[in-house]
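Descriptive structure summary
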Amino acid sequence: MAGFQSLPGFRDYHPEDFSRRQQVFRVWRSAATAFGFQEYDAPVLEPLDLYKAKSGEEIETQLFSFTDKGGREVSLRPEMTPTVCRMVGEKAGSLKRPIKWFSIAEFYRYERAQKGRLRAFHQLNADIFGEAGPEAEIELIALLIQCLAGFGLTQDDFIIRLSDRNLWFYYLEALGFTAAQIPAVLTVVDRFDKAGAPQVEAFKPYVEKFGPLDQTTKNRVHAFALQSGSNFSEQEILTLWLQDAKPEAREKVSARMADFRKIMDGLADMGLKDFVEMDMMVVRGLAYYTGFVFEAFDRKGDLRALAGGGRYNDLVKKLGGPDLPAVGFAIGDVTTGLLLEQHKKTEPYANAPAVYAVIGGEAARKTAFADIQALRASGVRVEYPFKDLAFGKQFKTASESGAKLALIYGDDELAKRVVKLRDLADRSERDVPHDQVVAVVRDLLSRR
Ligand code: HAM
């Protein structure tokens, strides 16, 4: 079928693939529901303006955007966050707080082809609106952990790296960066983190970009970034920070550290301590984050991020809604799928009927059809051959199908007004009167 392949970065879902996708969605949905989140959905096509300058430069260059036949500038959605802010903003007055919403949906970004990144992918988005305190972060990080632990993955398989953009702001301000420069410095830190192993020398050229700062300041930025990376203790970060912080910033820094502690303690009380570590190298590439940010990675570091999120207290208001604090995350299906394969946590593809009907001819087919329909209407999966075939062939198909039971409609059975029921596992057989077929089959299946 040359010439008719799917577009690069887009996937066909054959039944085996679809079943794997459903497994992922099932685990995510059951986690989100157990945490009390309500499910919503939204349009795939949105006004282009919703993303311009809201999502950040990187996403803007990746939009699948066009002008529709009515002359509107539109875009396929690259993410859910601006949309959910609009939706919650519209009804904020009437929604009970905290507002806890989730969705599972497909997104589109014109990304460069690489392992773990496609142009159409799914995310579970979970967001909490109306809670300014770190309790919302605890709830979301615990849910993110469950979205991976629900597959049987453990703290040896993945890690959540928690960071804080506010601490970065205070620190960079103390070093003399202006409010306008800081987001750009953080973008550099983000790219540097994604680029791989943190080495002081490698970071230097990035910091060099930042204008007329004296060499000592530049050295401090990159030393800070590196030292605050993984496995650096909270106390050490605090000390490092305070040596540069202005006295008036100290109080702000201490307050943030107290919230940090609250998040870590809450998660520890839930037994989730080993799933999370503080890591200031995480700053997030999206423009709207305002406080704590976090990302999930595989422990081996083979894969791109599994999930990312954080606090974005200004976005609802920027999009025309009320002043509503918000925090959330999205986990993606592509890297999650790769991790599940690596750890052999994908469910085997199962496509077996519960019952296979073996039919001995035209007259038998009439009787069989009545039972088959009654069983199916009661929710039992039944299959039968479309054409009249030799018994031997039908039995072979029945056992190959993986069915647990066979119902045999032969001339002898017809004469006795019964059906022969065969257990395909132990080959035992019994006659069942027609009017009892549904009840007997359902009873047997429920005891398996
Ligand atoms: P994000 O970091 O852009 O955040 O994406 C979150 C996750 O979606 C990533 O960690 C990754 O697993 C997956 N993902 C992103 N792009 C691709 C791609 N091209 N191919 C495959 N997977 C991808 C957001 O989207 C924010 N809106 C999350 C959020 C929700 N923040 C607050 N609430």
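Look up a bit, the structure's there.
Read on for an overview of the structure. (Residues numbered from 1 in each chain as written. Predicted model: local features only at pLDDT ≥ 70, side-chain atom pairs only at ≥ 80, totals over all residues. Heavy atoms only, no water.)

A word on the sheet that holds strand β15 (residues 418–423)
Our working rule: We treat two strands as partners when DSSP finds at least two bridges between them. Strands here mean DSSP runs of E at least two residues long; helices mean DSSP runs of H or I at least four residues long; both are numbered from the N terminus.
Overall, mixed pairing links the 5 strands, which are arranged β13-β12-β14-β15-β16 in an open sheet. Taken across any chain shown, the strands that pair with only one partner, and hence form the sheet edges, are β13 (382–383) and β16 (429–433).

Comments concerning the pattern of salt bridges
Note the following rule: By salt bridge we mean one thing: a side-chain nitrogen of Lys or Arg within 4 Å of a carboxyl oxygen of Asp or Glu. Per-residue accessibility, obtained with a 1.4 Å probe over protein chains only, is compared with the maximum for each type, and a residue is labelled buried under 20%, exposed over 50%, and partly exposed between these values.
Enumeration according to the criterion identifies 23 salt bridges in this entry. Measuring nitrogen to oxygen at the nearest pair gives 2.7 Å for the salt bridge that ties E39 to R29. One end of the pair, E39, is in strand β1 (residues 38–39); the other, R29, is in helix α1 (residues 15–34), and 10 residues separate them in sequence. For E39, a relative accessible area of 41% corresponds to the partly exposed category.

Concerning the packing of helix α13 (residues 362–377) against helix α16 (residues 437–446)
Convention followed: Here an axis means a line fitted to C-alpha atoms, over the contact stretch when the element is a helix, while the angle between two N-to-C directions is reported on a 0 to 180 degree scale. In these notes the angle categories are as follows: under 35 degrees is roughly parallel, over 145 is roughly antiparallel, 65 to 115 is roughly perpendicular, and the rest is oblique. A clockwise turn of the near helix away from the far one marks a right-handed crossing, whereas an anticlockwise turn of less than a right angle marks a left-handed crossing. The contact rule is simple, with two residues in contact once any of their heavy atoms fall within 4.5 Å. Gly falls in the polar group here, along with every residue not listed as nonpolar (Ala, Val, Leu, Ile, Met, Phe, Trp, Tyr, Cys, Pro) or charged (Asp, Glu, Lys, Arg).
At a minimum axis separation of 10 Å, α13 and α16 run at an interaxial angle of 50°. Considering their axes alone, α13 and α16 lie oblique with respect to each other. Here α13 and α16 pass one another in a crossing that is right-handed. Counted together, D371, A374 and L375 of α13 and V437, V438 and V441 of α16 form the full contact between these two elements. Residues that form the contact of α13 with α16 fall into these classes: 5 nonpolar, no polar and 1 charged.

Considerations on the site of the ligand
Note the cut-off: Only a single heavy atom is needed: when it lies within 4 Å of a molecule or strand, its residue is near that molecule or strand. Polar contacts here mean pairs of N or O atoms no more than 3.5 Å apart (in protein, one a potential hydrogen donor and the other a potential acceptor; neighbouring residues in sequence count only if both atoms are side-chain atoms). Only the protein chains shown count as cover for residues, and all accessible areas are computed by the Shrake-Rupley method using a 1.4 Å probe.
Lining the immediate environment of the ligand, one finds 27 residues, of which E79, T81, L118, D127 and Y289 sit closest. Here an oxygen atom of the ligand and a side-chain polar atom of R284 are 2.9 Å apart. Here Y288 contributes a side-chain N or O atom positioned 3.0 Å from a nitrogen atom of the ligand. Protein burial of the ligand: of its 660 Å² of free accessible surface, 96% is covered by the chains. Contributing elements (two or more residues each) for the shell around the ligand: β6 (120–129), β10 (307–311), β11 (326–332) and α12 (333–342). Class assignment for the residues of the shell around the ligand results in 12 nonpolar, 9 polar and 6 charged.

Considerations on the pairing of strand β12 (residues 355–359)
So the rule is basically this: With its strands directed away from the observer, a crossover is right-handed exactly when the path from the first strand over the helix to the second travels clockwise.
Among the 5 residues of β12, 5 are classified as buried, and the element is accordingly described as predominantly covered. Residues V355, A357 and I359 point to one face of β12 and Y356 and V358 to the other, with burial holding for every one of them. Since β12 and β13 lie parallel, the crossover through α13 that links them has a hand, and here it is right-handed. Two elements, β12 and strand β14 (residues 405–409), share 5 bridges in a ladder whose sense is parallel. Following the sheet pairing, I359 is matched in β14 by Y409.

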